[in-house]
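# Structure assessment
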Amino acid sequence: MSNVRELIRDKKRIVVKIGSSSLQHKETGDMDYIRLEKLVRELSDIRNQGKDVILVTSGAIAAGKKAVGITEIKSEVQSQAMAVKQACSAIGQARLMMTYSKLFAEYNQIAAQILMTKNTIVDNLNRYNAHNTFTELLNMGVIPVVNENDTVATYEIEIGDNDTLSAIVAALVDADLLILLSDIDGLYTDDPHKNPDARFIDEVEELTPELMNMGKASTGSGVGTGGMSTKLIAAKIATSAGADMVIANSEDIGVLHRILDGKKIGTIFRANKNEDFDLPNFVENLHKNS
Ligand code: GLU
């Protein structure tokens, strides 16, 4: 067995992704402030250890829908449904960011908002600017809070899910660790909700084609867009770019410091830096790769 877990203690630049289902109460769809507060406290503490921290957060569309009392986005006309979703994300993103800024301020941290689409990576000038902005914010000791720019993202230019987005961010900023907080413990040999014989995998040394096929498209929660297949795509991006990736259950947000203490939690995908990995090209072909 490798000491890959122990080496996590030395990680310097960490991207943490949390999904919509981890940020709201299942019963009501309202924000789970206790969990949000714990997340902010954990991230602030990692920052206080002198590490760079980036948060990739979902929840904008869900918060916006909640704010204007929409439970389901239904429309005969596709473009209208898209406009409602985009409007909800505009409302919800502001609310989400307001909450994060307030909570981070309580721990004496400064948060900054970065919203991205596929174009941020594919377009050379945009990518260059985004890279510089992230680098400068991290130099300033600020915690960038990232989401997809859902207010303008349509199918052609969307990344589409925040698992993939967080791995793209990790690759863009040369992070050495990506942690995906999800509603599942990690990677199983099959869907554990359906197959009681599904076995847990705690370490993935190499992303083989068989493994890539193992992802299932559902999380079981009905909220958010990330299933296991998006997590495996994220693993492909992050590990090719030279970062380890961990999937862990967000049920207890305290897993964050335990993972960073080198404890065996969740599934770890080991970095496998591929010098030929071309991020803009991968992102350009994203929907074709998935
Ligand atoms: N960007 C979307 C939001 O903030 C969520 C995407 C995802 O859950 O993967 O609502």
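Residues numbered from 1 in each chain as written. Predicted model: local features only at pLDDT ≥ 70, side-chain atom pairs only at ≥ 80, totals over all residues. Heavy atoms only, no water.

One pass over the full model with this rule turns up eleven salt bridges. Close ionic contact of E106 with K102 constitutes a salt bridge, the shortest N to O distance being 3.2 Å. Taken as a pair, E106 and K102 lie in helix 5 (residues 78–106) at a separation of four residues, close to a single helical turn. You can call E106 partly exposed: its relative accessible area is 48%. Between R258 and D252 there is a salt bridge whose closest N-O contact spans 2.8 Å. Exposure remark for R258: the relative accessible area of 28% places this residue in the partly exposed category. By relative accessible area, D252 is classed as partly exposed at 36%. Each member of the salt-bridge network shares a partner with another, and the members are R13, R47 and D52. (Salt bridge = Lys/Arg side-chain N within 4 Å of Asp/Glu carboxyl O. Helix = DSSP H or I, 4+ residues; strand = E, 2+ residues; numbered from the N terminus. Buried < 20%, exposed > 50% of the residue type's maximum accessible area, 1.4 Å probe, protein only.)

Glancing now at the packing of helix 4 (residues 60–68) against helix 5. Here helix 4 crosses helix 5 at 100°, and the two axes come no closer than 6 Å. When the axis of helix 4 is compared with that of helix 5, the two are roughly perpendicular. Contact residues: helix 4 offers A60, I61, A63, G64, K65, A67 and V68, while helix 5 offers K85, C88, S89, I91, G92, Q93, R95 and L96. Among the residues forming the contact of helix 4 with helix 5, the class breakdown is eight nonpolar, four polar and three charged. (Axes fitted to C-alpha atoms, helices over the stretch in contact; angles between N-to-C directions. Parallel < 35°, antiparallel > 145°, perpendicular 65-115°, else oblique. Contact = heavy atoms within 4.5 Å. Nonpolar A, V, L, I, M, F, W, Y, C, P; charged D, E, K, R; others polar.)

Looking now at the sheet that holds strand 1 (residues 13–18). Strand order in this open sheet of eight strands is 3-4-2-1-5-9-10-8, and the pairing throughout is mixed. One side of each edge strand has no neighbouring strand; the edge strands of this open sheet are strand 3 (111–116) and strand 8 (203–204). Here strand 5 (residues 177–182) runs beside strand 9 (residues 244–249); their pairing, made up of six bridges, is parallel. Bridged to L177 within strand 9 is D244. (Pairing = 2+ DSSP bridges.)

Tracing the backbone shows R13 in strand 1. The buried category is assigned to R13, whose relative accessible area is 18%. Separated by 2.9 Å, the side chain of R13 and the backbone oxygen of V173 make a polar contact. Other than its neighbours up to four places away in sequence, R13 contacts D52, L138, V173, D174, A175, D176 and L177. (Polar contact = N/O pair within 3.5 Å; in protein donor to acceptor, adjacent residues only side chain to side chain.)

Once that is clear, we can look at unusual backbone geometry. Although it is not a glycine, N108 adopts a positive phi angle of roughly 60°. Structurally, the position occupied by N108 is in the loop between helix 5 and strand 3. Positive phi values are uncommon outside glycine, yet D174 reaches one of about 55°. Within the secondary structure layout, D174 lies in the loop between helix 8 (162–172) and strand 5. By relative accessible area, which is 54% here, D174 ends up exposed.

What follows covers helix 3 (residues 33–48). Under the 1.5 Å per step criterion, the end-to-end length of helix 3 is 22 Å for 16 residues, consistent within 8% with the ideal 22 Å. Burial in helix 3 covers these residues: R35, L36, L39, V40, E42, L43, S44, I46 and R47. Put simply, D32 is the residue that caps the front of helix 3, since its side-chain oxygen is 3.3 Å from the backbone nitrogen of I34. Immediately beyond the C-terminal end of helix 3, within one or two residues, lies G50, with a positive phi of roughly 90°. (Expected span 1.5 Å × (residues − 1).)

These figures capture arrangement, not role.
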